[in-house]
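Residue-level structure breakdown
Below, each chain spelled out in residue letters.
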Amino acid sequence: MISGRCAACKNQRRKCPSNCIFSPYFPANDPQKFACVHKIYGGSNVGRMLQGVPTYLREQAANALYLEAKWRIDDPIYGCVGIISSFYEQIQNAEIELAKIQTQVAFYKLQTQHVEAEPNLEVLQSQSINMEQFESDNPTITSWFN
């Protein structure tokens, strides 16, 4: 137990017993945490929920209750679902932006390959002209390739 009263006992103006279920999860230095949970769920309901959870999971349960209560206070209509939807929308927007950038990168790569290929095309054309001259000068070689 933290010395003095926990945030829950201070909020409810009572003496904090040595076996207070709230003291490990709602310390006196963070009264807003219990205030949010109390406003949404009620103090006795939170105590019953925490008692119904195994001891090793109580801290996670208290944190989850706090976050859900905080989000419900921030957004009374959608609560945590509104936050999740907002994150999902941000992920979709980021994926769309990533796809656009990947398309631009692919386009620029093709463009640079095309620019590099043009000089090679001129070399190939000059080689084909030289080959035609060589074939016309040596008719036996042309019959051998045909």
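Because the structure is predicted, anything quoted here is derived from the model rather than measured. (Residues numbered from 1 in each chain as written. Predicted model: local features only at pLDDT ≥ 70, side-chain atom pairs only at ≥ 80, totals over all residues. Heavy atoms only, no water.)

1. A closer look at the UniProt feature "coiled-coil region" (unreviewed entry) in the protein
- In this structure's numbering, the residues bearing the UniProt feature "coiled-coil region" (unreviewed entry) are residues 84–111.
- What you have in residues 84–111 is 100% helix and 0% strand, and the ends, taken at the C-alpha atoms, are 40 Å apart. (UniProt positions renumbered as here; feature names shortened; annotations may be inferred. Helix = DSSP H or I, 4+ residues; strand = E, 2+ residues; numbered from the N terminus.)

2. Re the pattern of salt bridges
- Taken as a whole and assessed by the stated rule, the structure comprises 1 salt bridge.
- Among the salt bridges present, the one from D74 reaches K70, with a minimum N-O distance of 3.4 Å. With D74 and K70 both in helix 4 (residues 58–74), this residue pair falls 4 residues apart, about one helical turn. (Salt bridge = Lys/Arg side-chain N within 4 Å of Asp/Glu carboxyl O.)

3. Here's the deal with the environment of Q12
- Positionally, Q12 belongs in the loop between helix 1 (7–11) and helix 2 (31–41).
- Overall, Q12 belongs to the partly exposed group, its relative accessible area being 28%.
- For the pair formed by Q12 and G43, sequence separation is 31 residues and the distance between their alpha carbons is 8.3 Å.
- Setting aside anything within four residues of it in sequence, one finds Q12 in contact with F34, H38 and G43.
- Reaching out from Q12, the side chain makes a polar contact with the side chain of R14 at a distance of 3.4 Å. (Buried < 20%, exposed > 50% of the residue type's maximum accessible area, 1.4 Å probe, protein only. Contact = heavy atoms within 4.5 Å. Polar contact = N/O pair within 3.5 Å; in protein donor to acceptor, adjacent residues only side chain to side chain.)

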